[in-house]
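Take a look at the letters that make up each chain.
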Amino acid sequence: MTRTALAGLLIASAVSVVTLQAARAEFGRVPAAPAQTAVIRSAALIGRAALSYRPLVADVYWLRTLQHYGRTKLSKDPHKQYNLLEPFLDLTTSLDPRFNAAYRFGAIFLSEPFPDGPGRPDQAIALLEKGLREQPGKWEYVYDIGFVEYWWRGNFQVAARRFQEAAGLPGGPSWLGPLAAVTLAQGGDRRSSRQLWRQVRESADADWLVKSAEHRLAQLDAMDQMDRLEAALGQASLRLGRSPGDWRDVVAAGVLRGVPLDPTGVPFVVRPDGHVGLRRDSTLNPLPTLGGRR
Amino acid sequence: MRLVGRLAVGVFKESVRDRVLYGLVIFAAVLMAATYLLGQLTAGQDIKIIKDLGLASISTLGLFMAVFVGIGLVWREVERRSIYNLLSKPVTREQFILGKYAGLVLTLAVNVAAMTAAFYLVLAYMNWNADDIMRRSWPAPALDPALMIAIGLIGVELLVVTAVALFFSTFSSPFLSAVLTLALWVVGHFNDDLKHFDAVVDSRPAVWVARALYYLLPDLSAFDVKSQVVHGLPVPAAAVALAVGYGAVYIAFLLVAAMLIFQRKDLQ
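Each value, and the rule that gives it
Residues numbered from 1 in each chain as written. Chains lettered and ligands numbered in written order. Predicted model: local features only at pLDDT ≥ 70, side-chain atom pairs only at ≥ 80, totals over all residues. Contact = placed C-beta atoms within 7 Å. Helix = DSSP H or I, 4+ residues; strand = E, 2+ residues; numbered from the N terminus. Nonpolar A, V, L, I, M, F, W, Y, C, P; charged D, E, K, R; others polar. Core = buried A, V, L, I, M, F, W, Y, C linked by C-beta atoms within 7 Å. Buried ≥ 20, exposed ≤ 12 C-beta atoms within 10 Å, placed from the backbone. Axes fitted to C-alpha atoms, helices over the stretch in contact; angles between N-to-C directions. Parallel < 35°, antiparallel > 145°, perpendicular 65-115°, else oblique. Left-handed = near helix turned anticlockwise from the far one by under 90°. pLDDT = per-residue confidence, 0-100.

**Some words on the interface of chain A and chain B**
For interface size, the figure often reported is the accessible area lost on association.
Here is step 1: The interface of chain A with chain B comprises 21 residues on the first partner and 21 residues on the second.
Here is step 2: If you list the elements that add at least two residues to the side of chain A that touches chain B, you get helix H3 (54-74), helix H5 (100-111) and helix H11 (207-240) of chain A.
Here is step 3: Here the side of chain A that touches chain B takes seven residues from H3 of chain A, the largest share from any one element.
Here is step 4: Considered class by class, the residues forming the side of chain A that touches chain B number 13 nonpolar, two polar and six charged.

**Concerning the nonpolar core**
Here is step 1: Among the nonpolar cores identified, the biggest contains 119 residues, and Ala66, Val160, Val161, Ala163 and Leu166 of chain B are the most heavily contacted of them.
Here is step 2: Broken down by element, the residue count for this core peaks at 16 residues, all from helix H8 (residues 147-169) of chain B.
Here is step 3: Once residues lying within four places of it in the same chain are set aside, the contact partners of Ala66 of chain B are Leu108, Leu158, Val161, Thr162 and Ala165 of chain B.
Here is step 4: Residues Leu229, Ala236, Val250 and Val276 of chain A belong to the second largest nonpolar core, which totals eight residues.

**What to know about the packing of helix H6 (residues 93-129) of chain B against helix H12 (residues 237-264) of chain B**
All names here are of chain B.
Here is step 1: With their axes 9 Å apart at the nearest point, H6 and H12 run at an angle of 135° to one another. It follows from the interaxial angle that H6 and H12 lie oblique. Relative to H12, H6 is oriented so that their crossing is right-handed. Each of Arg93, Glu94, Ile97, Leu98 and Tyr101 in H6 lies in contact with H12, whose residues at this interface are Leu255, Ala258, Met259, Phe262 and Gln263.
Here is step 2: Residue composition of the contact of H6 with H12, by class: seven nonpolar, one polar and two charged.

**Focus: the confidence of the model for chain B**
All names here are of chain B.
Here is step 1: On average, chain B scores 85 in pLDDT, and the residues at 70 or more come to 94%.
Here is step 2: For chain B, per-element mean pLDDT is lowest for helix H2 (residues 22-41), which scores 71, and highest for H8, which scores 94.
Here is step 3: Note on the complex model: pTM 0.75, ipTM 0.76.

**Looking at the confidence of the model for chain A**
Here is step 1: Summarising the model, chain A shows a mean pLDDT of 85, and 92% of its residues fall at 70 or more.
Here is step 2: Averaged pLDDT values for the elements of chain A fall to 76 in helix H9 (residues 176-186) of chain A and rise to 95 in helix H6 (residues 121-134) of chain A.

Spelled out as structure tokens, the structure:
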């Protein structure tokens, strides 16, 4: 066969591969297997099989953790489950017991309530305790446990104790002591919650964590605004002699100059029960109810 | 010594002719592609993963090079019958073994050095590209000089594996040599378990055999400090010195064994 003929064959086969792949994507889809596939849960077994590549295998499991969490979080399925999150995190941290991000970010993922996470602060704390067994002096893990206790469990006394404990560990920052005091005195109020999230933002070591903290701070701002708007609604009721049906009534009563917007620029709504709420499409939904309770 | 050097240079030139250095291109491509992709995927952990991946790639490509070049070093000369030509010159069989080994060591050294340079270039790029928030999450600086400790010990491990491959190639076929070398590499990473065999087995003779194998087989886990270095943990100088000493002695043992076998080999 001549070289030209071979080159022609090569091009023809390459074009066929691309065409068939495109056709397969369009028409030849096989129904997807359930996403929650089985997972080998024995870190000892995987660790042995990994030989000297344990850290690299841990990285692979970390990537799988992120994929599982991200994919499930974005899924619109109301029955979605995060049931591989904890096993993946456990494997990652067993294969690489000093994988700092897997403990810290993993605890955040585990704590997030459904639908943004599995809502398992107990597993988050267990993961951080595992990290502490590996590195007992790691103030960040103690602080993170305090954070989970504060924000997701509402255990302000435990949280304050953990912040105090973290402050006493090597490298523990100076702001932890005052934070512990504020938490003990005013645990659960918005001021202490705001202080906590500001510290998270200042000390964050990933962009998404900064964004997450800013999101929480925006939620707290929205809650402050909603309190003020509730008062405005009351004032409008007095002037109108009836409950205002929407913001136009409040503006007409001369209490507000225009439709109030939440920190993301979406208008607040007057709910049928007469209270102020976020519009359904506001990204600030759902508002926190524990550490930042109203 | 000059003869050994000339033999070594010959092996190096041959490996260049055999396109062994193409491994470097694969390494650079893998690392650069990973750098781009991981940035999108890893929630700020890209530097740790790039370091893990870089060190694992140096180790793996080096291993393949050591095994697949090492197993053919002696066998090929015998098969081509070029060994008669070589041994008719004033070259002893011991010098032949040493020269072949030194040649592969030279090839590996050039490869590892080039891969290390590429690795540091990628890390320098990431360092330059990172902001303060990202740097906060790094357990060690991007251009951490301690990485050289891990790379150095990977180098010593590769020298041991090369000696193992050369040892097997003095008396078996390339296929069998490859299987035996790779098997020994795997066992070498389990070696530490043999020491604690008594924890899982009651039989005294089995424990003695396991203990004997622990001392006899290469303990390749001694050269693995990748995780410690990536996490910025200190690696004691004494541990490094002992590992290097252990590697050197083990290489000497294997080379002497290879020389002894090759001395008695009937080349007719």
